[in-house]
Amino acid sequence: MHLQARANATPVLSVAGSDCSGGAGLQADLKTFAAHGLYGMSVVLSVVAENTSRVINSVDMPSESIFAQFDAVFEDIVPKAVKIGMLGSVSILESVEQSLARYLPSNIVIDPVMFAKNGFPLMPESIRKEFARLLIPYACVLTPNIPEASELCGFEIASLEDMKKSALMLHKMGAKSVLVKGGHKEDFADDVLYDGKEFHIFHAKKLKSTSTHGTGCTLSSAIAANLALGFSLYDSIRRAKSYTYNAIAHAAPLGKGFGPTNHLYACACDPLGGLH
């Protein structure tokens, strides 16, 4: 997949937590939007102190700040797509749900971020049922990985048929379409899409890499970016998977743990624009 830097006034919004190490969350989303030539905006839900090895702590934004950020965005620059990531508390869930109900944005991609790469719970177990009740019905695309889909559906996912079963269950919970990601499997990295009518399987080679910090954030924001550009759901996912694969493949070895991907692998340019 070739990405070309270009001027594009299409706005997109990330609603997520901040990752100070730059590999996941808002930072990954904004880099992904930029790589697709889009204008990225953000609503900060939490400030997470993390790096490639561990999560130190997380501080949630108060509801009034979340409401104000939504207002600031939607009264001025209305996004063509919205990606929603880490939701760390009931008050955050409720604030985001109320804001979505008020503004009814199009092309909502929800990534149910439950665990950091090291297993740290970014979405407390106590609020996961509330997440399913309040947020899933807003999802144009829901993008759980296998552990997240298993947690939401209440059964272990061990096969492609299990992935299809979980996608159907999540669709019945209200998501218009569901992409169950298979990257956590040892033997394959195939993803299963249920678009509300039929299943589609996205086959992918398994990359042997430790540069996988924020891959879920990257994929979901790339899907949102492609939807904002006017691509179909199927093509948006296909293009997002290709982008994420190449971001991993071109990553430099940074950090002591699971390092970040290279979001801007195809966007190297002269920062002076040829003016020397």
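Residues numbered from 1 in each chain as written. Predicted model: local features only at pLDDT ≥ 70, side-chain atom pairs only at ≥ 80, totals over all residues. Heavy atoms only, no water.

- Per an unreviewed UniProt entry, the protein carries the name hydroxymethylpyrimidine kinase and comes from Helicobacter canis NCTC 12740.
- Listed in UniProt under the heading Pathway (unreviewed entry), the comment for the protein reads: "Cofactor biosynthesis; thiamine diphosphate biosynthesis." (UniProt positions renumbered as here; feature names shortened; annotations may be inferred.)

## Quick look at the pairing of strand E1 (residues 11-19)
Okay, step 1: Within E1, 9 of the 9 residues are buried, which leaves it mostly tucked inside the rest of the structure.
Okay, step 2: Of the pairings in the sheet, the one linking E1 to strand E2 (residues 39-50) comprises 9 bridges and is parallel in character. Note that in E2 the partner of valine 15 across the bridge is valine 43.
Okay, step 3: The parallel pair E1 and E2, bridged by helix H1 (residues 25-35), forms a crossover whose chirality is right-handed.
Okay, step 4: When E1 meets strand E4 (residues 82-84), the two strands line up parallel, connected through 3 bridges. Across the sheet, the residue bridging to valine 15 is isoleucine 84, located in E4. (Buried < 20%, exposed > 50% of the residue type's maximum accessible area, 1.4 Å probe, protein only. Helix = DSSP H or I, 4+ residues; strand = E, 2+ residues; numbered from the N terminus. Pairing = 2+ DSSP bridges. Right-handed = clockwise from strand over helix to strand, strands pointing away.)

## As for the nonpolar core
Okay, step 1: The biggest cluster of nonpolar side chains holds 44 residues, and the ones touching the most others in it are Ile84, Leu87, Val96, Phe131 and Leu135.
Okay, step 2: Once residues within four sequence positions are removed from consideration, valine 96 is found in contact with Val15, Leu45, Phe70, Ile84, Leu87 and Leu135. (Core = buried A, V, L, I, M, F, W, Y, C linked by side-chain atoms within 4.5 Å. Contact = heavy atoms within 4.5 Å.)

## Quick notes on helix H7 (residues 215-228)
Okay, step 1: Taking 1.5 Å per residue, 14 residues should reach 20 Å; H7 reaches 20 Å between its end C-alpha atoms and fits that length.
Okay, step 2: Within H7, 13 of the 14 residues are buried, leaving the element largely enclosed by the surrounding structure.
Okay, step 3: In the stretch just after H7, glycine 230 is the one whose phi turns positive, near 100°. (Expected span 1.5 Å × (residues − 1).)

## Quick word on the packing of H7 against helix H8 (residues 233-249)
Okay, step 1: For the pair H7 and H8, interaxial distance at closest approach is 8 Å and the crossing angle is 140°. Considered as vectors, H7 and H8 are oriented oblique to each other. Two packed elements cross with a definite hand, and for H7 against H8 that hand is right-handed. Facing H7, whose interface residues are Thr215, Thr218, Leu219, Ala222, Ile223, Asn226 and Leu227, H8 presents Leu233, Ser236, Ile237, Arg239, Ala240, Lys241, Tyr243, Thr244 and Ile248.
Okay, step 2: Residues belonging to the contact of H7 with H8 are distributed by class as follows: 9 nonpolar, 5 polar and 2 charged. (Axes fitted to C-alpha atoms, helices over the stretch in contact; angles between N-to-C directions. Parallel < 35°, antiparallel > 145°, perpendicular 65-115°, else oblique. Left-handed = near helix turned anticlockwise from the far one by under 90°. Nonpolar A, V, L, I, M, F, W, Y, C, P; charged D, E, K, R; others polar.)

## Some remarks on the environment of glutamate 75
Okay, step 1: Position of glutamate 75 relative to the elements: it lies in the loop between helix H2 (63-74) and E4.
Okay, step 2: A sequence separation of 28 residues divides glutamate 75 from tyrosine 103, and the C-alpha atoms of the two residues are 9.5 Å apart.

## Brief notes about unusual backbone geometry
Okay, step 1: Phi at leucine 104 is positive, roughly 45°, even though this residue is not glycine.
Okay, step 2: Structurally, leucine 104 can be placed in the loop between helix H3 (90-103) and strand E5 (108-110).
Okay, step 3: Its identity is not glycine, yet asparagine 107 carries a phi of approximately 55°, on the positive side.
Okay, step 4: With respect to the secondary-structure elements, asparagine 107 resides in the loop between H3 and E5.

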